[in-house]
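Structural overview
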Amino acid sequence: MAAAKKAVLGPLVGAVDQGTSSTRFLVFNSKTAELLSHHQVEIKQEFPREGWVEQDPKEILHSVYECIEKTCEKLGQLNIDISNIKAIGVSNQRETTVVWDKLTGEPLYNAVAAPVSPGPSDPAAVVPSGSSVPAAGPSSVWLDLRTQSTVESLSKRIPGNNNFVKSKTGLPLSTYFSAVKLRWLLDNVRKVQKAVEEDRALFGTVDSWLIWSLTGGASGGVHCTDVTNASRTMLFNIHSLEWDKELCEFFEIPMKILPNVRSSSEIYGLMKAGALEGVPISGCLGDQSAALVGQMCFQDGQAKNTYGTGCFLLCNTGHKCVFSEHGLLTTVAYKLGRDKPVYYALEGSVAIAGAVIRWLRDNLGIIKTSEEIEKLAKEVGTSYGCYFVPAFSGLYAPYWEPSARGIICGLTQFTNKCHIAFAALEAVCFQTREILDAMNRDCGIPLSHLQVDGGMTNNKILMQLQADILYIPVVKPSMPETTALGAAMAAGAAEGVGVWSLEPEDLSAVTMERFEPQINAEESEIRYSTWKKAVMKSMGWVTTQSSESGDPSIFCSLPLGFFIVSSMVMLIGARYRSGMP
């Protein structure tokens, strides 16, 4: 029997979408933006201490190779020729910090994550760093909170009337960004210190680690990043678009370990192994910038919200940097070509979104799968006055309150798990509204609708709640994989690839699902004001010196220590007076 003829679909583009909880590889048709196939692998997070979040960079890399191989197998089963894949783009979790040995290709420590959301001043790496350091191996993930003391010492060196860090980077001095995590690694991990001294160390965010490894690693790998990822390190001048000598001196970071900064759309190098060996890697965007591109928010004032572990709301501000008066960040949106102009964005972040669903599943066990929450919420259709403030790591925009902790309030004997599930979904929506209100005040033009994407947008109850609480329409593309799509668009449009046109007339029309508000404005405002009351109740729970620091010593509490010591003295005295041996 003759072999089946391979389908001809025109040029295809692949996208690596590397996130906090999983890695995926997706393949798109560059002419129609249709998703043809994909594969996903979950990534483990390690929690060596309270407030520390790490991932293994080698596991991340292996997951990328696995996803590419499995997707190529699936394409083969669909009778699609993988030789039609002309380029690969990379989208990645931002700020997560990796340091590796350029001679061996081995990570020198785990990837250290950024804390969930940044603040306008030091928001609170809520958990102080300890002195013990786990064994080397993994990276520093964006959720990690170990660097509060580093931030506190650095903030004392910034004059109150001259915040040169924020004016150059658009970012507050915060545990969230890579520079502070890199400083922590240099201060606490001897293997990193030694590699820097011996000129063996390379630093990068996850995109840099992946591109370097995929293009050859220790055998000639390309050490680079793009402007969007560089802009999240707190070492990058967003005006001159280069590493800033003054910032590197302030953080005491040797510039020789930093990657070369490139545009978001150009050929960085070729794949050196696997099923797609020889295919150029030609697109690179931090995940939120990738989603902005994938949503085709190319005009000033267009905004999108991505619902993932956290929520990230970005508004395109065009060629000008807009500095927020309401706690938002100024960041690089994209630069789609070496000779193309840079675009900027305002960004606001919701700390806990999908993570609250995961918490209900893994910590409380009231659902077995994340999808079940929609079913529970639908059963009751209301929180019945129950409000859930998921301030697991403090409150971020617009409060920036490190002392806050999560609370569930308004409980009655009638409250059940369905009401709590509904309140958890509402919490995501209320937090999004707080960011959107701040963005509207900064931009001066209220949004007429909100474009949304991310895995949680499959939850129709959530999307309707979001429209009700914002009191504007919520618009969701029928193909929700906008982050990967943005990376693919950047890769396909690169000079030397040229299979994806970004001209407005050539961009494919996207089918949208629209959610209109279904409650009146007064009810929306009442629910929102009650939420704000609940938020105030969550504040003031912990202090920097709280026992939450993870100190296992029973004497970390002076009253407790005194009680135990005095009790021991009394016991010994009693035994002595009674003549007991």
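As shown above, the structure is provided for reference.
Structure report, in brief. Being a predicted model, the structure only gives us computed values, none of them experimental.

**Some thoughts on the overall build of the protein**
- When its secondary structure is counted, the protein shows 16 helices and 24 strands.
- Buried residues in the protein amount to 59% of all 581 residues.
- The long-range fraction of contacts in the protein, counting pairs at least 24 apart against all pairs at least 6 apart in sequence, stands at 74%.
- For the protein, the computed accessible surface area is about 23,300 Å², with 55% contributed by carbon and sulfur atoms.

**What about the side chain of Gln18?**
- Inspection of the secondary structure puts Gln18 in strand 1 (residues 12–18).
- Classification of Gln18 by relative accessible area gives buried; the value is 0%.
- Setting aside chain neighbours within four positions, we find Gln18 in contact with Thr23, Ile43, Ile60, Ser91, Asn92, Gln93, Val206 and Leu210.

**Examining empty space enclosed by the protein**
- Following the criterion strictly, the structure yields 1 cavity of 30 Å³ or more and no others.
- Quantified by volume, the largest cavity comes out at close to 130 Å³.
- For the largest cavity, the lining is made up of 18 residues, of which Ala351, Leu395, Tyr396, Ala397 and Gln431 are closest to its centre.
- In terms of residue count, helix 12 (residues 417–443) provides more of the lining of the largest cavity than any other element does, 3 residues in total.

**Examining the packing of helix 10 (residues 354–364) against helix 12**
- Direction vectors running N to C along helix 10 and helix 12 enclose 160°, while the axes themselves pass 9 Å from each other. Here helix 12 runs roughly antiparallel to helix 10, going by the angle between their axes. Judged by the twist between their axes, the crossing of helix 10 over helix 12 is right-handed. Here Val356, Ile357 and Leu360 of helix 10 come into contact with helix 12, specifically with Ile420, Ala421, Ala424, Leu425 and Val428.
- Class assignment of the residues belonging to the contact of helix 10 with helix 12 gives a composition of 8 nonpolar, no polar and no charged.

**Thoughts on the environment of Asn92**
- The topology assignment puts Asn92 in strand 5 (residues 85–92).
- Note: C-alpha distance between Asn92 and Asn229 (137 residues apart in sequence) is 8.7 Å.
- Those residues within four positions of Asn92 in sequence are excluded, and the remaining contacts are Gln18, Val206, Asp207, Asn229, Leu285, Gly286 and Asp287.
- Separated by 3.4 Å, the side chains of Asn92 and Asp207 make a polar contact.

**A few points about the packing of aromatic side chains**
- Enumeration over the complete set of coordinates arrives at 17 aromatic pairs.
- For the ring pair Trp100 and Trp212, a centre distance of 5.5 Å and an interplane angle of 50° mean the geometry is tilted. Of the two residues, Trp100 sits in strand 6 (residues 97–101) while Trp212 sits in helix 6 (residues 206–214), which places them 112 residues apart along the sequence. The same class applies to Trp100 and to Trp212, which are both buried.
- A ring pair is formed by Phe298 and Tyr334, whose centres lie 5.8 Å apart and whose planes are at 90°; its orientation type is edge-to-face. Taken together, the residues Phe298 in the loop between helix 9 (287–294) and strand 16 (303–307) and Tyr334 in strand 18 (residues 329–334) connect sequence positions 36 residues apart.

**Overview of the sheet that holds strand 5**
- Across the sheet, 6 strands lie side by side as 3-2-1-5-15-14; this open sheet has mixed pairing. Across the chains shown, the open sheet's two edge strands, defined by having one partner strand only, are strand 3 (35–42) and strand 14 (265–270). Direction aside, neighbouring strands of the sheet carry axes that sit 25° apart on average.
- Direction of pairing for strand 1 relative to strand 2 (residues 22–29): antiparallel, over a ladder of 7 bridges. Residue pairing across strands places Gly14 opposite Val27, the latter belonging to strand 2.
- Contacting strand 1, strand 2, strand 3 and strand 5, helix 1 (residues 57–77) crosses the sheet at an angle of about 145° to strand 3.
- Relative to strand 15 (residues 280–286), helix 9 is tilted by about 100°, and along the sheet it contacts strand 5 and strand 15.

**Side note on the pattern of salt bridges**
- Using the criterion set out here, one finds 29 salt bridges in the structure.
- Between Arg232 and Glu347 there is a salt bridge, with the nearest N and O atoms lying 3.2 Å from each other. On the criterion of sequence distance, the pair formed by Arg232 in the loop between helix 7 (227–230) and strand 11 (236–237) and Glu347 in strand 19 (residues 343–350) is long-range, its members being 115 residues apart. Here the two residues Arg232 and Glu347 agree in accessibility, since each one is buried.
- Taking the shortest distance from any N to any O, the salt bridge between Arg527 and Glu426 comes out at 2.9 Å. Pair noted here: Arg527 is in helix 15 (residues 521–537) and Glu426 is in helix 12, with a separation of 101 residues, a long-range link. Assigned by exposure class, Arg527 and Glu426 land together as buried.
- Linked through salt bridges whose partners overlap, the residues forming this network are Arg94, Glu95, Arg232, Asp287 and Glu347.

**Some points on helix 13 (residues 460–470)**
- Counting buried positions along helix 13 gives 10 out of 11 residues, so the element sits mostly inside the fold.
- For helix 13, the side-chain oxygen to backbone nitrogen distance between the N-cap and Ile461 is 3.1 Å, and the N-cap itself is Asn459.

Procedures and definitions
Residues numbered from 1 in each chain as written. Predicted model: local features only at pLDDT ≥ 70, side-chain atom pairs only at ≥ 80, totals over all residues. Heavy atoms only, no water. Helix = DSSP H or I, 4+ residues; strand = E, 2+ residues; numbered from the N terminus. Buried < 20%, exposed > 50% of the residue type's maximum accessible area, 1.4 Å probe, protein only. Contact = heavy atoms within 4.5 Å. Areas by Shrake-Rupley, 256 points an atom, 1.4 Å probe, with all protein chains shown as cover. 1 Å grid on protein atoms, 1.4 Å probe; cavity = no way out; pocket = protein on both sides within 12 Å on 5 of 7 lines; lining within 4 Å. Points joined across faces, edges and corners; volume = space filled by probe spheres on them. Axes fitted to C-alpha atoms, helices over the stretch in contact; angles between N-to-C directions. Parallel < 35°, antiparallel > 145°, perpendicular 65-115°, else oblique. Left-handed = near helix turned anticlockwise from the far one by under 90°. Nonpolar A, V, L, I, M, F, W, Y, C, P; charged D, E, K, R; others polar. Polar contact = N/O pair within 3.5 Å; in protein donor to acceptor, adjacent residues only side chain to side chain. Phe/Tyr/Trp six-rings, centres within 6.5 Å; stacked < 30°, edge-to-face > 60°. Pairing = 2+ DSSP bridges. Salt bridge = Lys/Arg side-chain N within 4 Å of Asp/Glu carboxyl O.

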